[in-house]
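# An overview of the molecular structure
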Amino acid sequence: MHKMHTNKRLARPLRSVMVAVLCALTLLACREFDTPEVEQSLPERVNVSIAHLREMVGERTVHFEQDLVIGGYVTTSDREGNFYRTFCIDDGTAGVEIMAGMYDLHRLYPEGYYVTVRLNGCSAGVHNGVLQVGTRAAAYSNYPTDYFYSKVLIDKHLTRYDLISPVAPIPLRVEQLAEEYCGRMVNVSSLKLVAAPEGGIWSGYCTFADEKGHRVAVYCSPYADFAQQEVPTERVSITGILQYGVVDGEEMYVLKMRYESDCGIYN
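In short, a report on the structure. On a predicted model such as this, the values are computed, not experimentally measured, just so you know.

Cut-offs used in this document
- Residues numbered from 1 in each chain as written.
- Predicted model: local features only at pLDDT ≥ 70, side-chain atom pairs only at ≥ 80, totals over all residues.
- Heavy atoms only, no water.
- Core = buried A, V, L, I, M, F, W, Y, C linked by side-chain atoms within 4.5 Å.
- Buried < 20%, exposed > 50% of the residue type's maximum accessible area, 1.4 Å probe, protein only.
- Helix = DSSP H or I, 4+ residues; strand = E, 2+ residues; numbered from the N terminus.
- Contact = heavy atoms within 4.5 Å.
- Pairing = 2+ DSSP bridges.
- Phe/Tyr/Trp six-rings, centres within 6.5 Å; stacked < 30°, edge-to-face > 60°.
- Lys NZ or Arg CZ within 6 Å of the ring centre and 35° of its normal.

The next subject is the nonpolar core. Core analysis: the biggest nonpolar cluster contains 30 residues, and Phe87, Ile89, Ile98, Tyr109, Val117, Val133 and Leu158 have the highest contact counts within it. Among the secondary structure elements, those contributing two or more residues to this core are helix H2 (50-57), strand E3 (69-74), strand E4 (87-90), strand E5 (95-98), helix H3 (105-108), strand E6 (113-118), strand E8 (130-136) and helix H4 (151-157). Per element, the largest residue contribution to this core is 3 residues, and it comes from H2. The contact partners of isoleucine 98, leaving out residues within four places of it in the chain, are Arg85, Thr86, Phe87, Ile89, Val117, Val133, Phe148 and Leu158. With 26 residues, the next largest nonpolar core counts Val174, Leu177, Cys182 and Val236 among its residues.

The element strand E16 (residues 250-256) is extensively covered by neighbouring structure, given that 5 of its 7 residues are classed as buried. Relative to E16, strand E14 (residues 215-220) is paired through 3 bridges, and the arrangement is parallel. The residue of E16 that forms the bridge with tyrosine 219 is lysine 256. Relative to E16, strand E15 (residues 236-247) runs antiparallel, the two sharing 7 bridges. Looking at the pairing, isoleucine 241 lines up with lysine 256 of E16. Between E15 and E16, which pair antiparallel in sequence order, lie 2 residues; one of them, aspartate 248, sits at a positive phi of approximately 50°.

What follows is about the packing of aromatic side chains. Within this structure, the stated rule accounts for 7 aromatic pairs. With a centroid separation of 5.0 Å and 65° between ring planes, the pair formed by tyrosine 73 and tyrosine 114 is classed as edge-to-face. Remark: tyrosine 114 occurs in strand E6 and tyrosine 73 occurs in strand E3; sequence separation between them is 41 residues. By relative accessible area, tyrosine 73 is classed as partly exposed at 24%. Where tyrosine 84 meets tyrosine 103, the ring centres are 6.0 Å apart and the plane angle is 65°; that geometry is what we call edge-to-face. Here tyrosine 84 is found in the loop between E3 and E4, whereas its partner tyrosine 103 is found in the loop between E5 and H3, with 19 residues between them in sequence. Among the aromatic side chains, those forming a connected cluster through ring pairs are Tyr73, Tyr114 and Tyr161. Sitting over the face of the ring of tyrosine 147, arginine 85 holds its NZ or CZ atom 4.3 Å from the ring centroid. For the cation-ring pair, lysine 256 lies above phenylalanine 83, with the distance from its terminal atom to the ring centre recorded as 4.4 Å.

By themselves these figures say nothing about function.
Here's what the structure looks like:
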């Protein structure tokens, strides 16, 4: 009887192959669940502007069954927690909020990157003055749309391209704020704090007024990183996505900041 001996020269390469296979599978899993569908080539053809889409929707909720495609550059970030599972894009005609339904969207769809949205199978409606695109909402829901509920569905409708063009905020005075700007990133300067939540912090709604007394609100989620920070009492300049809602019983335009730094001292 001869003892069987393992061929060490063959065993080592075999271990190397197994390690390589495991690494490849790990990378594949990470890509599948942690990264968006990304294309290096030219974007697919957009056949409707966001402004036209908003006109099509009006005050209704619309479910699309035709091959419409919108596109735009990302204008928001959830990095500091004031946006939750959504992000906005702007194509230069209007803005729209995408109900992505995922966390850490600033990693998947960073600011300034180009994204296309295939609307076939999506629903669109207006909430707080902002056009939203997502899935069909349940009949009992108070919202016009719902989140995309899976990565597979997101990849079916959304594609991010490696085309980068940061969107500058639109400078406006308070009296210039209008429905057509809702969903877009705007900047309003020379604002002075009028009212803030208890403790003078950001969490909730703060009200500001310009030098003529025209007022605008600023919303901060209680879960935002800067929610417990004090609101500046100096005159400030504020950048945010424009919304429209009811604040302390009064209808007014609302700015939703991305970062605490979106509020700066006005000189």
